[in-house]
Structures are given as C-alpha cells and as structure tokens.
Protein chains: 4
Amino acid sequence: MSDAARMLLATPSHHGLDTAVLAEAIDAATAAAQASTACADACLDEYNLQRDCVTACLTCADVCDVTARLLSRSARWDRTVVTSLVEACAKACSACATHCEGHADTAKHCAVCAEACRRAERACQQLLTAFASLAVSS
Amino acid sequence: MSDAARMLLATPSHHGLDTAVLAEAIDAATAAAQASTACADACLDEYNLQRDCVTACLTCADVCDVTARLLSRSARWDRTVVTSLVEACAKACSACATHCEGHADTAKHCAVCAEACRRAERACQQLLTAFASLAVSS
Amino acid sequence: MSDAARMLLATPSHHGLDTAVLAEAIDAATAAAQASTACADACLDEYNLQRDCVTACLTCADVCDVTARLLSRSARWDRTVVTSLVEACAKACSACATHCEGHADTAKHCAVCAEACRRAERACQQLLTAFASLAVSS
Amino acid sequence: MSDAARMLLATPSHHGLDTAVLAEAIDAATAAAQASTACADACLDEYNLQRDCVTACLTCADVCDVTARLLSRSARWDRTVVTSLVEACAKACSACATHCEGHADTAKHCAVCAEACRRAERACQQLLTAFASLAVSS
C-alpha cells in the first residue's frame, strides 16, 4: 500500500470517492512530478538538446506537483476548483509524454518519464470520471 | 514597472500577447499567492476559526503560485496547457475571495486577501480573452 | 525499485553518490511532503484542533517538496546550495514529527505522518554524511 | 506599500521582528523567484546555451518560492527551521546571481535576474541578522 493510500485510510473520507482511485491519482501525479523534474535536468544535459522537451517537463512537474497537493486535501476541497486543476494536469501530462515519446528510443530518461506521465494522465481521467459520477448522484 | 514586466521586456516575446496583460497576470497571481498563504496562516490563528477559509486560501496559494510560474515561461509554452491552468486559477481565486469576503468585516487580513484574489481572477480572465483572440487570429 | 531510482539509473551520474542513498532521500522527502500535506488537512478537520501541528505540517510539506526537486536535478547541482537545503529539510521533518508524535495516539494520520517525517529526516542525514565524504575525497 | 507589507500590518505580529525587514525579505524572495523562473526560460531559448545558468536559476526559483511561503506564515513558525531555510535561500540567490552576472553583458534577462537575486540575498542576510538579535534578547 502506498503512503498516500495509508494516509487516506487514516482520515475520514468526506470526498465520497473510491479511495483507490484517489490514491492512484495522488501517487501517479507525485511520481510524474519527480520523473519530469529529473527528465528536464537530464534533457538539459544531453548533447542534442530538445528545448521544447525541457519546457514541457518543467511545466508537467509544476502542474503534477500542485495537483498532488490539492488531491491530498480532501477534507473540505472545492470540487469545482479541483476538477479544473485535474483537467489541466491531464493535459500537461499528455503534452509532456508526447514530447518524451518523440525521442524515447535515444534517451532512456525520456522513456521512463513518458511512462510516468501516461500513468498520471490515465489516473487524472479516471478521477474526472469519478467526479462526474458524484456530480450526477449528488 | 514591476519585476515581471521588466523581465518580459528583457526577453524575446514569442507569445504574441500584449506584454502588459501578461505582466499583470503574473504580478496578480504572485500577489494572490502571497496574500492567501499569509491569510491561511492568520485565519488559523483566529479564535473563531473558519476552516473552509483556510483550505480555500491554501488551495488558492498553490494554484496561483504554479500559474505565475507557467506564465513566466513564455518562450515555448504549450498554450492548451497554460490556458487550462489559467482557467483553474480564476476558479481558485474566485472561491478564495468568496470565502474571505464572507468575514472581511471582522478579519482585516481576509479583506486584503479577497482584494488580491479578485485582482488575480480579473487578470486571469483578461488573459483568457487575449488567448482566445490569438487562437482566432492564428 | 522506486520511480526515483529508475530515473537515476536512466541518467548519467555526475553526482558521485551512492544511487541508493540519493534515491531514498528523494523518495522519503516526496512521501513526507504528501503525508504532511494530508496531515495538515486532517488536523484542520479535527474537533480538537492542534494549530501548531497544522503549521509544522505545512512547513514540512513545502520544504520536503522543494528538497525532492533539487535532489532530482543531479546533473549539475551546486553542492553547497543542496547541502544547505537538505539541512533545512532534516530540521523541518524533525519539527513536524515531534508535533505529530505528541498526539499520534489519538490521531492516526499524525502517526502515519510522523513515521514518514522520521524516515525523511534519517534519509537527509544519511545524504549529508555522503556529501561530507565527497567533500573529503574531492 | 507592497502587498506583503499590507498583509503583515493586517495580522498580529507574534514574530517580534521589524515588519519592514520581514516584508522586504518576502517581497525580494518573491521577485527573485519570478525573475529566475523567467530567466531559466529565456536562457534555454538562447542560441549560446549556458546550461549551468539554467539549473542555477531553476534551483533559485524553487528555494526563493518556498522561502517566501514560510516567511508568510509568521503566526507560529519554528524559528530554527525558518532560519535554516533563509540561509539556504541566501546561498541559492548568491549562486544564481554569480552565474547570471557572468553573462549579464550579453543577456539582458540575466542582468535583471542577477539584480533580483542580489536583492533577495541581501534581504535574507538582514533577516538572519534580525533573527540573531531576537535569539540574544529572548
């Protein structure tokens, strides 16, 4: 069980979501933030510099980081704000993954980063589906 | 002239926007991030604690902070990602301002914070209008 | 193997450190950032509010978050700056853990958070020892 | 009067510091965070790429950002933790300024950034002096 999942189980769940879906979104965004921070650094160190990839990674890292934070504050979040941020996060992850996949064959760090970003993108989309179900039922 | 404006004038403008609109969005988001961080701290110190206001302030601070960062990377940003984040930022600022306005008469820091958040909300909306014009003209 | 470790193995190691020590510091700081963000939120939701614990958790989250970022940029970091930040991180983790341990018996989230913070504190100290060895040998 | 100063005057001052010294540290760290984020982006866009300067700017931005946050939570901060972070911030600003000054004559954004970083470095040092005075008097 991840640290995020342990923490969610140790707190009252006012959020009404499946804990596994929320924990995966937090874990995946956290992992993508770390991977894209490290990937930007490694890309910057490459002889054959991909400038757009560095910027996409820095952007993805920042957005994933703040998304993991907001998702970790589930006691009294504003669902409208959180939903909007998760949408932005899915887009940032998708953009970063697309850049990294473009040269994943020559840069191993881009392959690892692209995988982390695609996982976070999927987790965000699953969370958006769960939010939409809540909106219908509430 | 603000630091953000000086910096924008010291760099090539690939973004195609009115520099004043972009600088105001950066400055307003930065100021709202600081105000809401300080307001959360001051609210937490109040005898009559407004828990929802603390969370709204922490959320607003995080989203404004990352928005100012992304807007400061205008050389090769992804307009789709940036637009989505600016939309989330406008919502976070609006939510925080609404909470703070609810007790601005008894807490001076909430009055100052609400004003900073409304300014950032307006600046985000003006930037979104500017992005929409670019999309039409490009 | 953690994502941080996979990423470190996918990039050239200019840092001269044992990869396991660096990966553990990144993973532990990342986990403590998430735990203390969630713990601040859960503490704020408690009937019996511990205000100092909320502030200690927010502080710890911010410092751990930026520490994980700097440690993820190992290609060309400034060892003096990184060392200084890791020292601050060890202190922030220790302070947060001490607060959380003070009521870990009544709040499960504080018990989980304290454990995450002590792990990050230890990982920071081990990294500081490794940096000191580098300084002697170089 | 800056937003940070207005906010400090709107809250009880438990910190025991001269409000002007604290407000300047918050404002200077905030301005340096924005300048170094924008400078990293502009440096990355230069034909003659200075890789070390990009990393120094990204590091400085992250450390300044978190320093401004911690300084904005003056109601119940842990002076040991805050002092340690302000020391790290002074070092990060100094390192970034040194890099930027190295090519300030050819890159205007580096000149603006170096100025912002030197201001933040000075403000951190003045705050450290103020903290030391408090420690003696308390």
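Below is a short write-up of the structure. What you see is a predicted model; the values in this text were computed from it and never measured.

Focus: the overall build of chain A
Across its full length, chain A holds 5 helices and 0 strands. Each helix (α) and strand (β) of chain A, taken in turn from the N terminus, gives the series α-α-α-α-α. Considering only C-alpha atoms, chain A reaches an extent of 55 × 25 × 20 Å along its principal axes. Counting only residues that meet the buried cut, chain A has 63% of its 138 residues in that class. Across chain A, contacts joining residues at least 24 apart in sequence account for 69% of those joining residues at least 6 apart. Element-wise, carbon and sulfur atoms account for 50% of the exposed surface of chain A, whose accessible area totals about 4900 Å². Charge separation in chain A, taken as the distance between the mean sites of 11 positive and 16 negative side-chain charges, equals 7 Å.

Quick word on the packing of helix H3 (residues 51–71) of chain D against helix H4 (residues 79–101) of chain D
Residues and elements named next belong to chain D. The interhelical angle for the contact between H3 and H4, taken along N-to-C directions, is 150°, at an axis separation of 8 Å. Considering the angle they form, H3 stands roughly antiparallel to H4. Where H3 crosses over H4, the two elements pack in a sense that is left-handed. Of the residues in H4, those in contact with Asp-52, Cys-53, Ala-56, Cys-57, Cys-60, Val-63, Cys-64, Val-66, Thr-67, Leu-70 and Leu-71 of H3 are Val-81, Val-82, Leu-85, Val-86, Ala-88, Cys-89, Ala-92, Cys-93, Cys-96, His-99 and Cys-100. Its residues assigned to classes, the contact of H3 with H4 shows 19 nonpolar, 2 polar and 1 charged.

Some words on the relation of the copies chain A and chain D
For the pair chain A and chain D, the superposition axis carries a translation of 0.0 Å, the fit reaches an RMSD of 0.0 Å, and the rotation angle comes to 180°. Here the symmetry operator amounts to a two-fold rotation axis. It is A:Leu44 whose C-alpha, among those of chain A, lies nearest the rotation axis, at 4.4 Å.

Things to note about the interface of chain A and chain C
Listed by partner, the interface residues are 35 residues for chain A and 35 residues for chain C. With both chains or domains summed, chain A and chain C bury close to 3100 Å², and 53% of this area falls on carbon and sulfur atoms. Inspection of the chain A/chain C interface yields 6 salt bridges. Between C:Arg6 and A:Glu115 there is a salt bridge, with its nearest N and O atoms 3.3 Å apart.

Thoughts on the interface of chain A and chain D
Listed per partner, the contact involves 11 residues of chain A and 11 residues of chain D. Each partner contributes to the roughly 790 Å² buried at the junction of chain A and chain D, and carbon and sulfur atoms together form 54% of this total. Area buried by chain A at its contact with chain D is led by A:Leu44, A:Arg51 and A:Leu58, which between them contribute 61% of it. Taken together, the connections running from chain A to chain D amount to 4 residue pairs in polar contact (both at pLDDT 80 or more). At the level of secondary structure, the elements contributing two or more residues to the side of chain A that touches chain D comprise helix H2 (19–44) and helix H3 (51–71) of chain A. Top contributing element to the side of chain A that touches chain D by residue count: H3(A), with 5 residues. Looking at the side of chain A that touches chain D residue by residue, the class counts come to 5 nonpolar, 1 polar and 5 charged.

Brief notes about the relation of the copies chain A and chain C
Each copy of the sequence occupies a distinct position, and chain A is placed on chain C by a rotation of 180° and an axial shift of 0.0 Å, giving an RMSD of 0.0 Å. When you check the interface residues of chain A against chain C, 100% turn up at the interface there too, and the contact is symmetric in its surfaces.

Notes on the environment of A:Thr83
Residue and element names in this part refer to chain A. Relative to the helices and strands, Thr-83 resides in helix H4 (residues 79–101). Distance in space between the C-alpha atoms of Thr-83 and Ala-132 is 9.2 Å, their sequence separation being 49 residues. Residues within four places of Thr-83 in sequence aside, it is in contact with Leu-128 and Phe-131.

Examining helix H3 (residues 51–71) of chain C
With 21 residues, H3(C) ought to run about 30 Å at 1.5 Å a step, and its terminal C-alpha atoms sit 30 Å apart, in line with that. Burial within H3(C) is extensive, with 19 of its 21 residues counted as buried.

Looking at the packing of aromatic side chains
Residue and element names in this part refer to chain A. Taken as a whole and assessed by the stated rule, the structure comprises 4 aromatic pairs over all chains. A centroid spacing of 5.8 Å and a plane angle of 70° characterise the contact between Trp-77 and Phe-131, whose relative ring orientation is edge-to-face. In this pair, Trp-77 is assigned in the loop between H3 and H4 and Phe-131 in helix H5 (residues 108–137), connecting sequence segments 54 residues apart. Judged on exposure class, the residue Trp-77 and its partner Phe-131 are both buried.

Quick word on the environment of C:Ala107
All names here are of chain C. Within the element layout of this structure, Ala-107 appears in the loop between helix H4 (79–101) and helix H5 (108–137). Exposure remark for Ala-107: the relative accessible area of 5% places this residue in the buried category. In sequence terms Ala-107 and Ser-13 are 94 residues apart; their C-alpha atoms lie 41 Å from each other.

Comments concerning the state of the cysteines
Residue and element names in this part refer to chain B. Counted according to the given criterion, the structure contains 0 disulfides over all chains. Here Cys-39 is not disulfide-linked; the sulfur of Cys-110 is the nearest cysteine sulfur, at 3.7 Å. Exposure remark for Cys-39: the relative accessible area of 0% places this residue in the buried category.

Description of the side chain of A:Thr59
In this structure, A:Thr59 sits in helix H3. Overall, A:Thr59 belongs to the buried group, its relative accessible area being 12%. If we ignore the near neighbours within four places in the chain, the residues touching A:Thr59 are B:Leu70, B:Arg73 and B:Val81.

Considering the pattern of salt bridges
Applying the stated criterion to the full structure yields 36 salt bridges over all chains. We note a salt bridge from A:Asp62 to B:Arg73, for which the minimum N-O separation is 2.8 Å. Of this pair, A:Asp62 sits in helix H3 while B:Arg73 is found in the loop between helix H3 (51–71) and helix H4 (79–101), placing the two residues in two different chains. When its relative accessible area of 3% is taken as the criterion, A:Asp62 is described as buried.

Rules and cut-offs
- Residues numbered from 1 in each chain as written.
- Chains lettered and ligands numbered in written order.
- Predicted model: local features only at pLDDT ≥ 70, side-chain atom pairs only at ≥ 80, totals over all residues.
- Heavy atoms only, no water.
- Helix = DSSP H or I, 4+ residues; strand = E, 2+ residues; numbered from the N terminus.
- Buried < 20%, exposed > 50% of the residue type's maximum accessible area, 1.4 Å probe, protein only.
- Contact = heavy atoms within 4.5 Å.
- Areas by Shrake-Rupley, 256 points an atom, 1.4 Å probe, with all protein chains shown as cover.
- Lys, Arg positive; Asp, Glu negative; His and termini not counted.
- Charge placed at Lys NZ, Arg CZ, Asp CG, Glu CD.
- Axes fitted to C-alpha atoms, helices over the stretch in contact; angles between N-to-C directions.
- Parallel < 35°, antiparallel > 145°, perpendicular 65-115°, else oblique.
- Left-handed = near helix turned anticlockwise from the far one by under 90°.
- Nonpolar A, V, L, I, M, F, W, Y, C, P; charged D, E, K, R; others polar.
- Least-squares fit on C-alpha atoms with pLDDT ≥ 70 in both.
- Buried area = accessible area lost by both parts, 1.4 Å probe.
- Salt bridge = Lys/Arg side-chain N within 4 Å of Asp/Glu carboxyl O.
- Polar contact = N/O pair within 3.5 Å; in protein donor to acceptor, adjacent residues only side chain to side chain.
- Expected span 1.5 Å × (residues − 1).
- Phe/Tyr/Trp six-rings, centres within 6.5 Å; stacked < 30°, edge-to-face > 60°.
- Disulfide = S-S within 2.5 Å.

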